[in-house]
Amino acid sequence: MSYLRKKSMDFLKTFDMPPKNPSEDAQRRWREAVGTLVKNRRRRFRMVPDLDKRSQAETQRRNIQEKLRVALYVQKAALQFIDAARRVEHPLSELARQSGFSISAEELASLVRGHDTKSLRLHKGVEGLARKVNVSLADGVRSEDVGVRGEVYGANHYPEKAARTFWMYLWDASQDTTLMLLAFCAVVSVVIGIATEGWPGGMYDGLGIMLTISLVVTITAASDYKQSLQFRDLDREKKKIEIQVTRDGFRQKVSIYDIVVGDIVHLSIGDQVPADGLFIDGYSFIVDESSLSGESEPVHVSATNRFLLGGTKVQDGSARMLVTAVGMRTEWGNLMETLSQGGEDETPLQVKLNGVATIIGKIGLAFAVLTFTVLMARFLIGKAASPGGLVTWGMADALSVLNFFAVAVTIIVVAVPEGLPLAVTLSLAFAMKKLMQERALVRHLSACETMGSASCICTDKTGTLTTNHMVVEKVWAAGGATTVSTAKGFEEFTSSALSEGFAKLLLEGVFQCSGSEVVRGKDGKTSVMGTPTESAILEFGLGVEKNTCIEHTAAAKLKVEPFNSVKKTMAVVVASPNAGGRPRAFLKGASEVVLRRCSSVVVDRHGSIVALAEKNYMKQVAGAIDKFACEALRTLCLAYQDVGGENEVPNDGYTLIAVFGIKDPLRPGVREAVRTCHVAGINVRMVTGDNISTAKAIARECGILTADGVAIEGPEFRQMSPDQMRAIIPKIQVMARSLPLDKHTLVTNLRGMFNEVVAVTGDGTNDAPALHEADIGLAMGIAGTEVAKENADVIIMDDNFSTIINVAKWGRSVYINIQKFVQFQLTVNVVALMVNFVSASFTGSAPLTIVQLLWVNLIMDTLGALALATEPPSDDMMRRPPVGRGDNFITKVMWRNIAGQSIFQLVVLGVLLARGDSLLQMNGDKELLNTFVFNTFVFCQVFNEVNSREMEKTNVFSGIFSSWVFSAVVGATVGFQVILVELLGTFAGTVHLSGRLWLMSVLIGSVGLVIGAILKCIPVGSGDGSSDRHDGYQPIPTGPSAV
């Protein structure tokens, strides 16, 4: 036994897969290990990527990238020597001319794709092209023109694979080799039956098999088709990307697929460029073209290099773009055709269960061969002793041999658990659909599994733990702090703290040094578009303007350094009207960063400037910042400096204007969600760029920071040695003023040093490495950039921490549901194999007919998966700690339940087969006995299915009606069993059962509930290296494990 266990463990090591980014060698290794013992390869591997197709797509993608690289870096040089007279003519279509356009779609597309600067000059630049596509660079496209632009220049859509129809899934389900063999046997049986027994009596056995095969295939196809619809909805949701455009003179958000040629698109850090186009204006604009050309060097886009290609990512800065080509007229359109080839990577649990299915399949094949051998041996011995011996063969003999073969094939049908890996897909599809309703979009299947094993969540603060609805609560300016969130306080601030000169300086800094914009909607109302932090400051500025009747004056921006998470500041140089048109620099950002670059401060309402070193002003400002932070306010400083004739942003020497204390309230339910995590054994760590005092205040408020926890700043953390990090990381609960690199280092060490399963949240472009490195990357749907979302495994659509807990709960549910299904299916497997083999050995016939075995297979495979793999999670799942990597999938608790239920069923069925006739007074009616045995066997499975709902708890009925699918499947199983026995006896090989026998079948089956309760009182121990627990719930194994 130990030898077999060791061999199983060695074999299953082939099926170990990491949850993210598995190597192609590992993927090919387990496919080879599965071998040929697969009944239906088309169905089993439908959700598994085709590595050959993927390899071809990758080659095609590299070829396109190489062509584009040549076009970008060689063609640009070649164009300098091409004579304009030799240019290709692009005729203008009649529709384009009638619609008021004077340039063709092909010419527009080739101009940007080829970076043709000479053509751009010939068309008189961006302004000239805008006129030719009949659009105003200020007001954008008119809404009524969108349709005709789509007709003339094309839509921003890419070809997609046609959705598979139900009939395709029906065809796939019918490709089961064993079912084909049974169908062949059924046809032969009909032919021989009619020849020997006549019409219609001779056709019933074969026709019964055919009808049952049709039922199995139809139900299987329907289940698979339903899953495909759920995944199709998920794919549609994944592709939803919104982008900001100017249309009808107003800023608005539209889907990336509604972009048309002529649209004025607004781009900022982290955005994906939605189509090919030309740079209109912007600041410090850098794009990453590696997704197209393969070149990792970022490209600076400006007035000297205006070309922007669809599919590239904005790395820094902001800009406006004129769209010139969409859809398949862009290089990104050509690449999109190759991106989805080969399918998504298989999940660790799918691979693991393929290994389990392969082992069980081999055992089942051996039993099938043994059963056929025993049946044939008994038949041949009996025939040899009969008159005529082995020389004379008749139709009846041929039918007997055919039936033996069909029984053996049916045993393989039952024994090879084809549904095990597919149950994972079913459970994941169900969970992902529910999670989508709960505002979590799962991008990668494996993440849903892995999240159930998460032992640590590294979360952002802003927008995740807090509401992200920010308002300026307090302001320190002109030497004092004022609460401005109340009408009285705001009135006091604007009347006593501001003179006209100081108000103009403050407003100029607020409105000029901002990455957000004040826009007027179609309804005439003013709104702010941009990040919540900057929006809060701009709304404060609008309030100041309204109260003081002083408006900020427009100024030409000479230099802009946009905010990013590394610098933690934004700077702008403007030709200031308040400084006589001379350059003035404004600096805004993290309070301590800006304060370090200041040498003086405005100390009164008249704008008097004093050195920070005088009269303890530095201490006063620092005290105000600290006080704001301790009140859980986010602090920002605004400063300025007149820079003479230079347009460069100074490094220091600024004058502090104001300190803003911004309130971002805690989300409702966060405190309870954090408490749930702690009960579930999940450590929550806050990683934020905010001031440490602010971070600690928020962390205490939501229950993350405890008395024995450590709050640390990013600069201190990144200077630590590996040994110091090893000592402090387990205690870290808050990391403030952190850079994205600090988050990446923390995640890497948590996984490497402590073997934790880490989930990490992120919203910025610079969070991409940490999201990619973590076991589960969680991107924010509202505040997150497209770059962050692309690198994430799950998108939290409402940016809410409580939604992350729902993902963890459903992740645990998926894993536990599959364990329940495996426990149920293995019990049926063991009993069905043993009953048929033992009966064949002793009586020379199998007690369960082919139709009955196919029905049992349907119960334990497709219907069992539907019932058990789709149960919703319970709150109890979050009261158990997760278990680390490398644990056994089939736990000792499961083995105990499988063994106990199998022994009970085998004993019951053995007694019925051996002594049932006398015990039940059936007077030698073998058909009646076999029908009763079949009925009892089915009801044993029905009650075992109920038993499998809880692997450890004795109350298996708790929440049974919360899953309507489970109730419906059990009800349908019982209903069809009645029909099969009472109405379809001719086809199924059954006879009518009296009410007494029906009641006895149900009562005997229900004893399984009592047996289950008794079994759950038997404790199970832990083996070496195993973390099996008494509750029987285990996480997803990602390392070497055994069955």
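Residues numbered from 1 in each chain as written. Predicted model: local features only at pLDDT ≥ 70, side-chain atom pairs only at ≥ 80, totals over all residues. Heavy atoms only, no water.

Within an unreviewed UniProt entry, the label attached to the protein chain reads Calcium-transporting ATPase, and the organism entered is Aegilops tauschii subsp. strangulata. UniProt lists a comment for the protein chain under the heading Sequence similarities (unreviewed entry), and it reads "Belongs to the cation transport ATPase (P-type) (TC 3.A.3) family. Type IIB subfamily." What UniProt records for the protein chain under Function (unreviewed entry) is the sentence "Catalyzes the hydrolysis of ATP coupled with the transport of calcium." (UniProt positions renumbered as here; feature names shortened; annotations may be inferred.)

Asks: Any details on the overall build of the protein chain? Residues and values, ideally.
Replies: Along the protein chain, the regular secondary structure elements total 38 helices and 26 strands. For the protein chain, with 1043 residues in total, the buried portion stands at 56%. (Helix = DSSP H or I, 4+ residues; strand = E, 2+ residues; numbered from the N terminus. Buried < 20%, exposed > 50% of the residue type's maximum accessible area, 1.4 Å probe, protein only.)

Asks: Tell me about helix H33 (residues 850-868), and please be specific about residues and values.
Replies: With 19 residues, H33 ought to run about 27 Å at 1.5 Å a step, and its terminal C-alpha atoms sit 25 Å apart, in line with that. Of all the bends in H33, the greatest measures close to 30° and is centred on Thr-862. Of all 19 residues in H33, 18 are buried, a share of seventy percent or more. (Expected span 1.5 Å × (residues − 1). Bend = angle between axes of the 7 residues up to and from the residue.)

Asks: Tell me about a nonpolar patch on the surface, and name the residues and values.
Replies: A contiguous nonpolar surface patch, about 370 Å² in accessible area, is contributed by Ile-903, Val-907, Val-911 and Leu-919. If you trace the backbone, Val-911 turns up in helix H34 (residues 892-919). Relative accessible area serves as the criterion here: at 39%, Val-911 is assigned to the partly exposed category. (Patch = residues over 30% accessible without salt bridge, like charges linked within 9 Å, V, L, I, M, F, W, Y side chains within 5 Å. Areas by Shrake-Rupley, 256 points an atom, 1.4 Å probe, with all protein chains shown as cover. Salt bridge = Lys/Arg side-chain N within 4 Å of Asp/Glu carboxyl O.)

Asks: Let's hear about the packing of aromatic side chains: which residues, and what values?
Replies: Throughout the structure, instances matching the rule amount to 12 aromatic pairs. Judged by centre distance (5.8 Å) and plane angle (50°), the rings of Phe-493 and Phe-540 are tilted. Note that Phe-493 is positioned in helix H20 (residues 487-496) and Phe-540 in helix H22 (residues 532-548), a separation of 47 residues in sequence. Across the pair, exposure class does not vary: Phe-493 and Phe-540 are buried alike. By way of ring pairs, the aromatic residues Phe-166, Trp-167, Tyr-169 and Tyr-225 are connected into one cluster. (Phe/Tyr/Trp six-rings, centres within 6.5 Å; stacked < 30°, edge-to-face > 60°.)

Asks: Pulling in residues and values, what's your account of helix H7 (residues 105-113)?
Replies: For H7, every residue scored as buried is listed here: Ala-105, Leu-108, Ala-109, Leu-111 and Val-112. Viewed end-on, H7 has its buried residues packed into an arc of 160°, placing them on one side of the element. Lining the buried residues of H7 we find helix H8 (117-122), helix H9 (125-132), helix H10 (146-153), strand S4 (276-288), strand S6 (307-308) and strand S7 (313-325). (Arc of directions from axis to C-beta. Contact = heavy atoms within 4.5 Å.)

Asks: Break down the pattern of salt bridges for me, with residues and values.
Replies: Between side chains of opposite charge, a pair can form as their charged atoms come close. By the definition in use, this model includes 28 salt bridges. Ionic pairing is found between Asp-875 and Lys-809, a salt bridge with its closest N-O pair at 3.3 Å. Within this pair, whereas Asp-875 is found in the loop between H33 and H34, its partner Lys-809 is found in helix H32 (residues 801-843), the two being separated by 66 residues in sequence. The class for Lys-809 is buried, based on a relative accessible area of 17%. Bridged by salt links that share partners, the residues Arg-142, Glu-144 and Asp-145 form one connected network.

Asks: An account of the nonpolar core is needed here, citing residue identities and associated values.
Replies: Ranked by size, the top nonpolar core spans 154 residues in total, and within it Leu-353, Met-451, Ile-457, Ile-776, Phe-801, Ile-818 and Val-822 carry the most contacts. Top element by residues in this core is H32. It accounts for 21 residues. Residues from two domains meet in this core; each of domain 2 (348-428 + 812-1017) and domain 3 (440-466 + 667-799) gives at least three. In this view, Ile-818 contacts Leu-349, Leu-353, Ala-423, Val-424, Ser-427, Ala-869 and Phe-889; residues no more than four positions away in its chain are not counted. (Core = buried A, V, L, I, M, F, W, Y, C linked by side-chain atoms within 4.5 Å. Domains from an automatic or database assignment.)

Asks: I'd like to hear about the packing of H34 against helix H38 (residues 995-1015), residue by residue, with values.
Replies: Look at H34 against H38: their axes get within 10 Å of each other, and the N-to-C directions meet at 145°. In this structure, the crossing between H34 and H38 has a hand that is right-handed. Of the residues in H38, those in contact with Arg-896, Asn-897, Gly-900, Gln-901, Phe-904 and Val-908 of H34 are Ile-1004, Val-1007, Gly-1008, Ile-1011, Gly-1012 and Leu-1015. Its residues assigned to classes, the contact of H34 with H38 shows 6 nonpolar, 5 polar and 1 charged. (Axes fitted to C-alpha atoms, helices over the stretch in contact; angles between N-to-C directions. Left-handed = near helix turned anticlockwise from the far one by under 90°. Nonpolar A, V, L, I, M, F, W, Y, C, P; charged D, E, K, R; others polar.)

Asks: Explain the pairing of strand S9 (residues 456-459) residue by residue, including any values.
Replies: Taking every second residue as pointing to the same face, both faces of S9 are buried, with Cys-456 and Cys-458 on one and Ile-457 and Thr-459 on the other. One ladder, built from 3 bridges, connects S9 with strand S24 (residues 758-762); its direction is parallel. Counterpart to Ile-457 in the pairing with S24 is Ala-759. (Pairing = 2+ DSSP bridges.)

Asks: With reference to specific residues and values, describe unusual backbone geometry.
Replies: With a phi close to 55°, Ala-478 is a non-glycine residue in the positive phi region. At Cys-549, a residue that is not glycine, the phi angle is positive and equals roughly 60°. Its location among the elements puts Cys-549 in the loop between H22 and strand S14 (557-561).

Asks: Requested: an account of the sheet that holds strand S26 (residues 794-796), with residues and values cited.
Replies: Spatially, the 8 strands line up as an open sheet ordered S8-S26-S25-S24-S9-S21-S23-S22, and their pairing is mixed. Here the strands that pair on one side only, and so sit at the sheet edges, are strand S8 (440-442) and strand S22 (710-713). Here the strands of the sheet are splayed against their neighbours by 20° on average, with no regard to which way each runs. In this sheet, strand S23 (residues 732-736) lies alongside strand S21 (residues 683-687) in parallel orientation, the contact comprising 2 bridges. When the bridges of S23 are listed, Met-686 appears paired with Val-734.

Asks: Summarise the environment of Ala-555; cite the residues concerned and give the values.
Replies: Considering the arrangement of structural elements, one finds Ala-555 in the loop between H22 and S14. Residues Ala-555 and Gly-581 lie 26 residues apart in sequence; the distance between their C-alpha atoms is 8.4 Å. Not counting the four nearest positions on each side in its chain, Ala-555 is found in contact with Gln-512, Val-574, Ala-575 and Pro-577.

Asks: Describe the environment of Ile-796, and please don't skip the residues or the numbers.
Replies: Relative to the helices and strands, Ile-796 resides in strand S26. Judged by its relative accessible area of 0%, Ile-796 is buried. For the pair formed by Ile-796 and Glu-438, sequence separation is 358 residues and the distance between their alpha carbons is 9.3 Å. Once residues within four sequence positions are removed from consideration, Ile-796 is found in contact with Arg-439, Ala-440, Leu-778, Ala-779, Met-780, Gly-781, Thr-803, Ile-804 and Val-807.

Asks: Quick rundown of the confidence of the model for the protein chain? Include the residues and the values.
Replies: The pLDDT averaged across the protein chain works out to 81; a share of 85% of its residues lies at or above 70. Of all secondary-structure elements in the protein chain, the lowest mean pLDDT belongs to helix H5 (residues 75-79), at 51, while strand S20 (residues 654-663) reaches the highest, 94. Low pLDDT, under 50, characterises residues 79-86; the predicted model gives this stretch 8 contacts beyond four residues in sequence or across chains. Predicted confidence is poor over residues 1022-1043, with pLDDT under 50, and the contacts of this stretch with residues over four places away or in other chains come to 79 contacts. (pLDDT = per-residue confidence, 0-100.)

Asks: Help me get a handle on the packing of helix H24 (residues 617-630) against helix H26 (residues 692-702), residues and values and all.
Replies: Orientation of H24 relative to H26, taken along the N-to-C sense of each, is 20°, at an axis distance of 7 Å. As summarised for this structure, H24 and H26 are arranged roughly parallel, according to the angle between their axes. Viewed along their axes, H24 and H26 form a crossing whose handedness is right-handed. Contact residues: H24 offers Asp-626, Ala-629 and Cys-630, while H26 offers Ser-693, Thr-694 and Ala-697. (Parallel < 35°, antiparallel > 145°, perpendicular 65-115°, else oblique.)

Asks: Give a detailed account of the state of the cysteines, specifying residues and quantitative values.
Replies: In the structure shown here, the tally under the stated rule is 0 disulfides. Cysteine Cys-637 remains unbridged, with the sulfur of Cys-598 as its closest cysteine sulfur at 6.8 Å. (Disulfide = S-S within 2.5 Å.)

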